[in-house]
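Architecture and fold: a report
Residues per chain are reported as follows:
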Amino acid sequence: MIARRENSKPLNPPPQPPPLTDVDIVRLAQEQPLSSAVIPSFLLSPDSHTTLISFLHSRSDSPSPSLSVTEYVTSLLFIISLSPQDPSFSSLLSPLTLSYIHLLNSHKIPHDPNSSKVIQLLGYYLEYVPKTDIKSVADAIVTDLSQIVSTDDAQLLDLLPQCLTLIYHSDEIEGGRDYVNSLFDTILMCNWSKVLLVKMVSMFREVPFLDKVRAAEFLQKVFAGMKGVDLQDLPSLVYQMLILVSKGFGKREVIEGIVMFFGSQIGSKVTSIIRQVEGTVLLHVNFAVKQDPSIGQEVIDLIKSNMGAFNHFSVTVLLSVARIRRFSDSSIGILRLAVLATYRDYKFTKDCKWLPDGLKEEYLQNVKLVETAVLRAVSESNYGREHVVPSIVQFGFALLESVAEGNRKELGTFEGTTGVEKLGIQILKTLFEVHDMARDEIIEQCKFRILSLKPGQSTPILKLLGSLVKSYPYPMLEHVSRLKELLDYFAFMDGGVASFLVTALLPLFRFSRDLQGYTILVVRKAMFRHQDTVRVAALNAVINLLLAEQLCNKDGLYSLQDSSSQASCSQQGEMACSMGSGSLFQELSGLMQRCLYQQAKVKEVMYNGLVKLVVVDPLAAGAVFDFLLPHFLRFYREDEDVHLDISCCVKSEHGKIYIEEPLDCLLSCISWILLLQPHGKSNCPSDSSLACLGFSFSQENEQAGRILSREKFSSALSKIRKFLRSGNLEDILGQTQSTGSTDLDKERGSYCNLILAGIIEVVINVIATELEKATEIEQVHLNKEIIDFINLYDSLEKDKLTLKQSNGIRKIDSCTLTKLSEERLPFMTTSSIYQLLLTTLRLYNASDCSKLLSFVLKASLSHIKSFKHVGDSDPLKALIYGEIKLLGRPLLKMVILLSSRLKLDIGQKKKETKGKKVSEYREEYVSLSLICLKELIQISMESPTFTGLIKDLLSVSSESEVASRSDDEHTNGKLFLEKIIRPMVTELLLMSYFSEVEILSNLTLMLGDILPCKHQNSLGEWAITVCKSSDIMNPKAAKSLLTLAICLRSPQNDLIIAKDIAIELLKVTGSEKDDPIELSETYPLINHSTQTAITSCMLLFVESVISDMDWIIMKLKTYSVASQKKIYLDQTREHTSGLALEEFLYSRAEALVEVLASFVMMNLKDTQAEQLIRLTGKFYKHLAQMSKLRISPKGCKQLLPGLKFQKLVEITCKQLTAPLYNFVALVQRNQQENAKSKAFINKIKRENRCIPDLIFQIEDYEKYLIHLSKASKVNLLRHAKRSTSRDFKILEARNIVGEEEVPSNEPILNNSAAHNDSSEKSDDEDGDDDDTENGVEKDLCPETSSDLAADSGSDDKEEDASPKAKRTKRSRIVQDSDDD
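Please read these numbers as outputs of a predicted model, since none were measured by experiment.

**Considering the overall build of the protein chain**
A count of helical and extended segments in the protein chain gives 60 helices and four strands. Restricting the contact set of the protein chain to residue pairs at least 6 apart, pairs at least 24 apart contribute 76%. Of the roughly 63100 Å² of accessible surface on the protein chain, a fraction of 51% belongs to carbon and sulfur atoms.

Dropping the structure here:
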C-alpha cells in the first residue's frame, strides 16, 4: 500500500538545464574533446534558440564583431553538429543561418576572411536546414545584390547554387522549380556590378538546370557587362565561361560572345595590357579545346557560317586551335576560305550591274576588315602568343598557293584593297621581321614550294622571296646556305622560275660575294645544258646580274654605306670586297661570247639584254660595240659592194630549216645602241665599261679603238640602208630567192624573207627617228625613202603569200609567223610609228599610199598588242613604247579620213572593177585602224593614261572645247562615245560596212561598262533605237548591236528589253502553232539571216543571269543559316542585306521566266534546243533552292511566303513549266523523225542526258513547293500542270507521226482549268486546310508527282478520272517505266 501510494504521487518535473552564456559555449567548444563531447541539454532545447540567436546579435555589437561573431558561430556549430540527427539541430540551423545573413547584409559584420570561413561552414551544413526554410535563405542572399561592389561583398553568393539545387530537386517544396525560375528572373533583372558579374559566372557553372531562354538572357547580360570588368579579371572570367561551355552551357553563344567581345569591343583599344590579356585568354581557349574538342569545332563552325564574327581575335583563336593536330588543316582551311570568299564576293558585286551601290560598298568594307584583322593578328603574335607562329606560316603560304594562274584576276588587287597575293606576302614578311624563330621555317618552306609547285603556283613564292631579300637583306645573309641549295636546282627548274629566282636574289648579291659567285657558277653549268629554255634562263640571269652591277656602280658606294648602318663588321667587309669595278663584266665575258654560237632564241635574248645594259648606262656602248663587231662581220662584208649575207643566217639540218642567226635582231640591237648615244658628250665609256666584256686596250690605241667600233657600226648601218634601197630582191637575197627545186629551198627562201622584212623594219625605224627632227626639205627625201622601203617590204609579203599557196611545201602559216613576232620585241618605237602615221595622213590625199597605209596599220597593231607582254620594270619598255597614247589621235584621224573616202566612193557609185578593188582596200584599212584604236583604248584602261588618251581623242572632234573643260574620265568617255563613235556607227550602217560596226559596238560596250548607270542607259537607249531602225542582215553586226541594247541598260530594264526581243524572235523563228515571218516589224535586224546568231546571243545573256542568281542564292543560304542559329550579334544589317538580295532575286527570276517563256515555244535548232534545256534545268535548280530557303526548319515558326514569291511561282507554273513540257516533247519527236545519221544519233544521246535532268529539277522544285504549301497552308501549286514526261522512253517514229496533240489535250486543259477555278474558290472560302489534306498529302505519293495542281475543290470522281485521262494522252509521247 505504501509503495502504491508513493507511485501514485505526481512526479516532479526534471530540473531545467542551467543556461549557458556565449562565453560558456565558446569555452565548451574549446575544452570538450571530440571523443567525449556531450551536448548540453540547453543547446538542444528549442526554447534556447532565441537566447542563442540573441548572443549572435549581442556579439555583433562588440568592438571587434568579425572575430567575436566568427568565434561564437563556429563554436556553436561545432557543438550542435555532434548530434546532426537531432531535430533541434536543423531547427536551430535555419534561424542561425538567416540571422547571420541579415547581419552581413546590414554590414554589422564586416565581409572579411572570417565571414568567408563562416559562410563556408554554413554551406557545409546547409543540407540539414529544413527544406521549407531554404527559400528564405535564398531570398535573403539575393536581397541586396545591387549592393555588391567588392569581392568580399559577394561571399554569400557561394551559398546560392546549393540552395537552388536543394529547392529544385526537393519534393517537399511545392512549386520549387517555378520558384527557382522566378529567382533567376530576379537575379537577371537587378543591376550587376563588375564584381557581381564575375561572381555570377563562377556561380552559374554549378547550376546545370538553367533553361535555354534564361541561359541566353544570362549570357547576354554577362557580355553586356564585360566591358566594365577590370582587365586583370577578364582571363579568369573567360576561364569560368569556358568551364560553363564544357558542361554544355550555351556553347555556341559563349564562343561567339568571347570572340566578338575581344575582337570588336575591347579589341578597338590597342595597348600592351590588352594584348597581354588577349594572350592569356588565348591560352585558356587553347587549353579548353584540348580538353573538349567540340569547342574547337564550334569556333570553326562560327567563322564558317558567319563572316560577321571574323576579326583579329577570331583569327588568332583559329591559328591557336590549328596547333592542335586534329584541327590543323580545318582551321587553316576555314581561314583561307574566309579570306578568299570576301575577295570573290567583292569581285562579283563589283562586276554585277544590278546590285545596289550600297551592297557593293558593304562588300568592299568586308574585304578591308578581313585584311586589317589578319594583319593585326599577325603583328600582335609576339605578345604572349608565340605558339601560333607555325600556324601563321602555314596560313601565309596557303594564301600564296591559292593565287594560281587561273584566278589571279578574281583574287587580284582591286581599288582600295591589298589583294590575296600581297596579303600573303605581307603576313610572312611581318612574321619574318617579328619572330627570329620563324625565319628558318619561312625560308625552308619557300625552298620546298619553289621546287615542288607548278610554275604558275610558285610565282607568288618567288615574289615573297624577292620581297624578303629586298626588305631584310642582313637577316637573309644568315640563310645563304639554303639559298645555295635552291640554286643547285637551277638547271632543272622551269625557265621562267629559274630566271625569276636569280632576279629575286639580286639585291642580296651586293652584300654577299659568296652567293654571287655561287650563282655565276650555277649559271655557267646551266649554259651547257641542251634544253633551250635552260639556256635562255641562264642568259637572262647573266643579263640581270650585269644590270644589277651597272645600277650598283651608277648609284655609287654611298648608298651602300647608308644601307649598311646595321651590318656587322664582317658583313661590311664582305660587301666592300664585292664591289670591284667591272669585275663581274670581265668574269662573264667568255660566257656571253658562247651565247653567240647558240640557238637564235638565245641570241635574241642576249641582244635585247645588251640594249638594256646601254639603257641603264649609255657610256657602256663602246664595250658592247667591241663585243659585237667580230660577230657582225661574219654576215656583213665591204668589198667592192656591200654584201649582207642573209643566206648564212638560215641553216638546214636533218631535213629541217631553222634560223641560226636573227640578223634583224642584231641590227636592231646595233641601231638602238647608236640611237642611245648621248649627244654632245664624249663617246668615251665609263671606267666600269672599259673592262665591260673583257676588252682592254693599250694606252696608245685605247681612244682610237673605242671610236673605231662605233664608227664601223654607224657606217655599216648607213651602207646597208643604201644597199637595200638601191637593190632588188634577187640582189639582196642572192641565190635564196631563185626558184628552188625542192620544198626545203622554198622554205629557206621564206625564212630569208622573214629576216629581211625585219631588217627593213629596223631601217624604217631609223628613218622615222630622223624624220622627227628633219627640216621640210629633208622630210621630203626621207618620206620618199620610207615609201621605197615599204614597197620592198610589200614585195616580200607577196612572196610570202606565194610560198604559202604553193603545193607540197611544209607550211609556215600565219600563226607561226605571228608567234615569232609576238615572242620578240618590236623593232619600231612608238614615236617612229607616230611619225609614220602623220606622214600617211599628209600623203594620203596627194598620192596612192595604200602600201604605206597597210604597213603602218599592221605595225601599229603589232606594236599595241605587244605592249602588255613587256613588264613595267623592263628598261626597254620606256625606250620602245614611251607614251603609247600618242598613237590615239592619228589613228582616229585615219579612221575618219578613210570613212569619209568610203562615203565618197559610195556617193559617186563607182562600178568599175578597179574602183571596187580600191573600196575593198579602204574597207579593210578602216577595220584595221578601228582594231588598232580599240586595242589601244583597251590597254590604256588599265593604266593612268586612260583619261589623257580620251581627252586626246576628243580633241579630234569639232567640239573639242567641250572636252577641254572636264578632267573626269566618265564625262570624257561619255562625250567620246556620243560625239565620235555613235555618228561613226550610223554612217557605217548606212554604207553597210558591218564588220566595222561590230568593232565599234565592241568598243562601245567596253567603254560603257566603266561608265555610271545613267550614262549607260543613254547608250542603251541609242542602241535600241538603232536596232529598231536598221534592217541588218549581217549576223555578227546584229548580234553586237543587240548585245549593246541589252547590256547597257539598267537592271530589270535589260530583261524587259530581252523579253521584247525574245517575243520578236519567236515570230521570226516560228512555233509549233504559228508559221515564221521573214522580218520583225519592231526590230528589223531580227530576220531569217540573223535569227541564229541573235538566239545564241540571247541564250548567253540568259546564262549570265542564271550564274548571277547562283551567287545570290548562296548568300541567302548563308544569311538563313546565321538567322536560324542566331549566330550574328548584330543581325540588323544582315537581315537588311538578305531582304534586299531576296527582293532583287525574285524580281530577276520573274523577268527571266518571261524571257524563257518565249524561247520554249520557238522552233530551235538542235544545238540551241539542247542549250536551252540545260539552261532551264539550271534555272529550275535555283528555283528549288529558293523554295527550300522559304521552308523554316523544325522548331521555328513558318512564315507565309511573300507576295513576290507567290507571283514568281504562279508565272513559272503558267508561262514556263507547262510550255516547257511541250517543248521537250517536240524535241523528242524531232529526234525520232530525223534519227538517220550517226552524228544525229550522238546528239540524241547527248540531249537524252539533259532532258531527264531538266524534269528532275522541275519535280524537285515542285516537291519543295509542296512542302512549303503544307507548312504555310498556302496552295502554291494551284496553277501547276502535271508532269507529262516521266521516264523518257523513246518510241518508234510510226507511233508519233500523224498524231494530233492539240485536240487530245483540250479536255485535259479544260479539266485543269476546272481544278484551278475550284482551287481559287476554295481559297476564297478559307478552305486551305481541306485542300492540304486532300491535295497536298496525296502529292507525296510517288505515283502522282504534282497532284497539288489538281486542287481538292473537285469531287472524288473528277479526282480519280483526271490522272487516268492525262496518263492516256501522255502515252503518245513517252511511256511510264515499271522499273522505277
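**What to know about the pattern of salt bridges**
Going through the model one piece at a time under the given rule, you end up with 40 salt bridges. A salt bridge links Lys1115 to Asp345; the nearest nitrogen and oxygen atoms lie 2.5 Å apart. Within this pair, whereas Lys1115 is found in helix H53 (residues 1091-1125), its partner Asp345 is found in helix H18 (residues 328-351), the two being separated by 770 residues in sequence. The burial state of Lys1115 is the same as that of Asp345; both residues are buried. Of the charged contacts in the structure, one is a salt bridge between Glu380 and Arg385, with a shortest N-O distance of 3.8 Å.

**Focus on the packing of aromatic side chains**
One pass over the structure, following the stated rule, counts 18 aromatic pairs. Each ring, one from Phe262 and one from Phe313, has its centre 5.1 Å from the other, and the planes form 25°; the classification is stacked. Linking Phe262 in helix H14 (residues 251-265) with Phe313 in helix H17 (residues 312-321), this pair joins segments that are 51 residues apart in sequence. Consider the rings of Phe625 and Phe713, whose centres lie 5.1 Å apart with planes at 35°: the pair is tilted.

**Here we look at helix H27 (residues 513-527)**
Spanning 15 residues, H27 covers 21 Å between terminal C-alpha atoms, matching the ideal 21 Å at 1.5 Å per step. Every buried residue belonging to H27 is among Leu515, Gln516, Thr519, Ile520, Val522, Val523, Ala526 and Met527, and all of these are buried. Viewed end-on, H27 has its buried residues packed into an arc of 165°, placing them on one side of the element.

**Comments concerning the environment of Leu1041**
Structurally, Leu1041 is set in helix H51 (residues 1035-1047). For the pair Leu1041 and Val997, spaced 44 residues apart in sequence, the C-alpha separation works out to 8.4 Å.

**Quick look at unusual backbone geometry**
With a phi close to 60°, His107 is a non-glycine residue in the positive phi region. Tracing the sequence through the fold places His107 in the loop between helix H6 (87-105) and helix H7 (113-124). Using a relative accessible area of 52% as the deciding quantity, one classes His107 as exposed. Here Ser992, not a glycine, exhibits a phi torsion of approximately 65°, which is positive. Classification of Ser992 as partly exposed rests on a relative accessible area of 42%.

**Comments concerning the side chain of Ser331**
Structurally, the position occupied by Ser331 is in helix H18. Judged by relative accessible area, which is 0%, Ser331 ranks as buried. A polar contact of 2.9 Å, which involves the side chain of Ser331, links it to the backbone oxygen of Phe327. The contacts of Ser331, once residues within four sequence positions are left out, are Ile300, Leu318, Val321 and Ala322.

**Examining the pairing of strand E4 (residues 656-659)**
Across the two faces of E4 the burial differs, with Ile657 and Ile659 buried and Lys656 and Tyr658 not buried at all. Here strand E3 (residues 650-653) runs beside E4; their pairing, made up of four bridges, is antiparallel. Residue pairing in the sheet places Glu653 in a bridge with Lys656 of E4. What sits between E3 and E4 in their antiparallel hairpin is a turn of two residues, with His654 showing a positive phi close to 55°.

**Details of the confidence of the model for the protein chain**
Mean pLDDT for the protein chain: 78, with 77% of residues reaching 70 or above. The low-confidence segment residues 735-740 (pLDDT under 50) makes nine contacts with residues lying over four places distant or belonging to another chain. Every residue in residues 1127-1132 is under pLDDT 50, and counting partners more than four places away or in other chains gives 16 contacts.

**Digging into the packing of helix H23 (residues 455-471) against helix H26 (residues 495-509)**
Put simply, H23 and H26 touch, their axes get as near as 8 Å, and they point 10° apart. As the angle between them shows, H23 and H26 are arranged roughly parallel. Of the residues in H26, those touching H23 at Pro455, Ser458, Thr459, Leu462, Lys463, Leu465, Gly466 and Val469 are Val497, Phe500, Leu501, Ala504, Leu505, Pro507 and Leu508.

**So, the environment of Tyr751**
In this fold, Tyr751 is placed in helix H38 (residues 743-773). Relative accessible area serves as the criterion here: at 13%, Tyr751 is assigned to the buried category.

**Thoughts on the packing of helix H21 (residues 420-434) against H23**
At a minimum axis separation of 10 Å, H21 and H23 run at an interaxial angle of 40°. Taken together, the axis directions place H21 and H23 in an arrangement best described as oblique. Viewed along their axes, H21 and H23 form a crossing whose handedness is right-handed. Residue-level contacts link Glu421, Ile425, Leu428, Lys429 and Phe432 of H21 to Pro460, Lys463, Leu464, Ser467, Leu468 and Ser471 of H23. Its residues assigned to classes, the contact of H21 with H23 comprises six nonpolar, two polar and three charged.

**Focus on the side chain of Lys934**
Here Lys934 lies in helix H45 (residues 913-940). The side chain of Lys934 is buried and forms no salt bridge, while Glu935, the nearest opposite charge, is found at 4.3 Å. With near-sequence residues (within four places) excluded, Lys934 lies in contact with Ile999, Asn1002, Leu1003 and Met1006.

**Focus on H21**
If you check H21, its first and last C-alpha atoms are 21 Å apart, about what 15 residues at 1.5 Å a residue would give, namely 21 Å. When you tally the buried positions in H21, you get eleven out of 15 residues, the bulk of the element. All of the buried residues in H21 are Val420, Glu421, Leu423, Gly424, Ile425, Ile427, Leu428, Lys429, Thr430, Leu431 and Phe432. Lining the buried residues of H21 we find H18, helix H19 (357-379), helix H20 (389-402), helix H22 (439-452), H23 and helix H24 (473-476).

**Considerations on a nonpolar patch on the surface**
A cluster of nonpolar side chains, Leu451, Tyr489 and Phe492, forms an exposed patch at the surface whose accessible area comes to about 320 Å². Since its relative accessible area comes to 41%, Tyr489 is described here as partly exposed.

**Focus: the nonpolar core**
If you look at the biggest cluster of nonpolar residues, it comprises 425 residues, and the most contacted ones within it are Phe218 and Phe976. Top element by residues in this core is H38. It accounts for 15 residues. Residues contacting Phe976, with those up to four places away along its chain left out, are Leu892, Ile937, Ile950, Leu953, Leu954, Ile981 and Leu1007.

**Re the environment of Ile148**
Position of Ile148 among the secondary structure elements: in the loop between helix H8 (131-141) and helix H9 (160-169). When the C-alpha atoms of Ile148 and Ser193 are compared, they prove to be 6.9 Å apart, with 45 residues separating the residues in sequence.

Conventions and cut-offs
All residue numbers here refer to positions counted from 1 along the written sequence of the relevant chain. Selection of residues for local features in this predicted model requires a pLDDT of at least 70, selection of side-chain atom pairs for listing and counting requires 80 or more, and totals for whole chains, interfaces and linings are taken over all residues. Water and hydrogen atoms play no part in the side-chain values, which are based on all heavy atoms of the structure. Numbering of helices and strands starts at the N terminus; helices are DSSP runs of H or I of at least 4 residues and strands are runs of E of at least 2. Working rule for contacts: check all heavy atoms of both residues, and any pair within 4.5 Å makes them a contact. Per-residue and other accessible areas follow the Shrake-Rupley method at a 1.4 Å probe size, with only the shown protein chains counted as cover for residues. Take a side-chain nitrogen of Lys or Arg and a carboxyl oxygen of Asp or Glu: if they are within 4 Å of each other, that pair is a salt bridge. Think of it in three bands: residues with accessible area under 20% of the maximum for their type are buried, residues over 50% are exposed, and the middle band is partly exposed, with areas taken using a 1.4 Å probe on protein chains only. Under the pairing criterion, centres of Phe, Tyr and Trp rings, with the six-membered ring standing for Trp, must be within 6.5 Å; the plane angle then separates stacked pairs below 30 degrees from edge-to-face pairs above 60, leaving the rest tilted. Residue count minus one, scaled by 1.5 Å, sets the expected span of a helix. The arc in question is the one spanned by the directions pointing from the helix axis to the C-beta atoms. In protein, a polar contact means a hydrogen-donor-capable atom and an acceptor-capable atom, both N or O and within 3.5 Å, with residues adjacent in sequence counting only if both atoms are side-chain atoms; elsewhere, any N or O pair within 3.5 Å suffices. What makes two strands pair is DSSP finding at least two bridges between them. Here pLDDT means the predictor's own confidence in every residue, given as a number from 0 to 100. Angles shown run from 0 to 180 degrees and are taken between the N-to-C directions of axes, each axis being a line fitted to C-alpha atoms and, for helices, limited to the stretch in contact. The labels follow the angle: roughly parallel below 35 degrees, roughly antiparallel above 145, roughly perpendicular from 65 to 115, and oblique for the rest. By definition, any crossing whose near helix is turned counterclockwise from its far helix by less than a right angle is left-handed, and any crossing with a clockwise turn is right-handed. Polar here means any residue other than Ala, Val, Leu, Ile, Met, Phe, Trp, Tyr, Cys and Pro, which are nonpolar, and Asp, Glu, Lys and Arg, which are charged; Gly is therefore polar. Residues counted as positive are Lys and Arg, residues counted as negative are Asp and Glu, and His and the chain ends are not counted. Two joining distances apply to patches: 9 Å for like charges and 5 Å for nonpolar side chains (Val, Leu, Ile, Met, Phe, Trp, Tyr), and every residue must have over 30% relative accessible area and no salt bridge. To define a nonpolar core, start from buried Ala, Val, Leu, Ile, Met, Phe, Trp, Tyr and Cys residues and group those joined through side-chain atoms within 4.5 Å.

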